[in-house]
Amino acid sequence: PKLKTICQKEAISTVGSESVMSVLNCAENWIHSEWGELLQELSAGTSTRQSYLDDIMETKQDLKAKTIIGRRIIYSHHIIANSKRKALSELASQYKLGGYTKIGWP
C-alpha cells in the first residue's frame with residue numbers, strides 16, 4: 001500500500017511531463033530503502049507494523065494461489081536515447097517484466 005501511494009504521488013507530481021522513469025525510480029528507491037527492513041521484521045516477528053505485514057502476507061498467499069497475467073501500456077514521449085532504452089530494459093529485467101517498445105517518433 002505504501003509503495004503504491006508513493007508511486008501515485010510521483011505520477012501526479014509529474015503530470016504533463018515524462019514520468020515513466022521517474023515513477024520507476026521512485027519505486028526502486030522505496031524497494032531499496034524499505035523492503036529489506038520489512039522482510040527482516042517479518043522474519044524476526046518483531047514488526048510494529050503488523051497490519052502492513054499482514055497485507056504483505058495476504059498478497060504473497062494470493063500470488064501463490066493463482067497466476068496473474070496482465071497487460072499494461074506505458075507511454076513515454078520519444079524513447080530515443082540509448083541510455084534511457086537500456087535503463088528501462090534493465091529495470092524491466094530486474095522485475096521479470098517483458099514487453100515491447102516502439103522506438104523513435106510517432
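Use the structure listed above.
Residues numbered from 1 in each chain as written. Predicted model: local features only at pLDDT ≥ 70, side-chain atom pairs only at ≥ 80, totals over all residues. Heavy atoms only, no water.

## Re the overall build of the protein chain
Then, number 1: The secondary structure content of the protein chain amounts to 4 helices and 0 strands.
Then, number 2: The N-to-C order of helical and strand elements in the protein chain reads α-α-α-α.
Then, number 3: The 106 residues of the protein chain split such that 18% are buried.
Then, number 4: At a minimum sequence separation of 6, the contacts of the protein chain that also span at least 24 residues come to 53%.
Then, number 5: When the accessible surface of the protein chain is totalled, it reaches about 8700 Å², and 56% of it is carbon and sulfur. (Helix = DSSP H or I, 4+ residues; strand = E, 2+ residues; numbered from the N terminus. Buried < 20%, exposed > 50% of the residue type's maximum accessible area, 1.4 Å probe, protein only. Contact = heavy atoms within 4.5 Å. Areas by Shrake-Rupley, 256 points an atom, 1.4 Å probe, with all protein chains shown as cover.)

## Description of the packing of helix H2 (residues 20-44) against helix H4 (residues 82-94)
Then, number 1: Two numbers describe how H2 lies on H4: the axes approach to 12 Å, and their chain directions differ by 40°. Looking at the two axes, H2 sits oblique to H4. Crossing hand, H2 versus H4: left-handed. In contact with Val20, Met21, Leu24 and Glu28 of H2, H4 contributes Ala87, Leu88, Leu91 and Gln94.
Then, number 2: Its residues assigned to classes, the contact of H2 with H4 shows 6 nonpolar, 1 polar and 1 charged. (Axes fitted to C-alpha atoms, helices over the stretch in contact; angles between N-to-C directions. Parallel < 35°, antiparallel > 145°, perpendicular 65-115°, else oblique. Left-handed = near helix turned anticlockwise from the far one by under 90°. Nonpolar A, V, L, I, M, F, W, Y, C, P; charged D, E, K, R; others polar.)

## Quick word on H2
Three or four residues apart is the spacing at which side chains of an α-helix point the same way, because the helix has 3.6 residues per turn.
Then, number 1: When the terminal C-alpha atoms of H2 are compared, their 35 Å separation across 25 residues agrees well with the 36 Å that a helix rising 1.5 Å per residue should span.
Then, number 2: Approximately 35° is the largest bend angle found in H2, and it occurs at glutamate 34.
Then, number 3: All of the buried residues along H2 are Val20, Val23, Cys26, Ala27, Glu28, Trp30, Glu34, Leu38 and Glu41.
Then, number 4: With its phi angle positive at about 70°, glycine 45 sits one or two positions after the end of H2. (Expected span 1.5 Å × (residues − 1). Bend = angle between axes of the 7 residues up to and from the residue.)

## Some details on the packing of helix H1 (residues 2-13) against H2
Then, number 1: Orientation of H1 relative to H2, taken along the N-to-C sense of each, is 150°, at an axis distance of 9 Å. In terms of orientation, H1 and H2 fall into the roughly antiparallel class. Relative to H2, the crossing made by H1 is right-handed. Contact residues: Lys2, Leu3, Ile6, Cys7, Glu10 and Ala11 in H1; Ser22, Val23, Cys26, Ala27, Trp30 and Glu34 in H2.
Then, number 2: Looking at the contact of H1 with H2, its residues break down into 8 nonpolar, 1 polar and 3 charged.

## Quick look at the environment of glutamine 8
Then, number 1: Along the polypeptide, glutamine 8 turns up in helix H1.
Then, number 2: Taking the C-alpha atoms as reference points, glutamine 8 and cysteine 26, 18 residues apart in sequence, are found 9.9 Å from one another.

## Thoughts on the state of the cysteines
Then, number 1: Applying the stated criterion to the full structure yields 0 disulfides.
Then, number 2: Of all cysteine sulfurs, the one in cysteine 26 lies closest to cysteine 7, which takes part in no disulfide; the gap is 4.8 Å.
Then, number 3: Take cysteine 7: its relative accessible area is 14%, and that puts it in the buried class.
Then, number 4: We classify cysteine 26 as buried; its relative accessible area is 15%. (Disulfide = S-S within 2.5 Å.)

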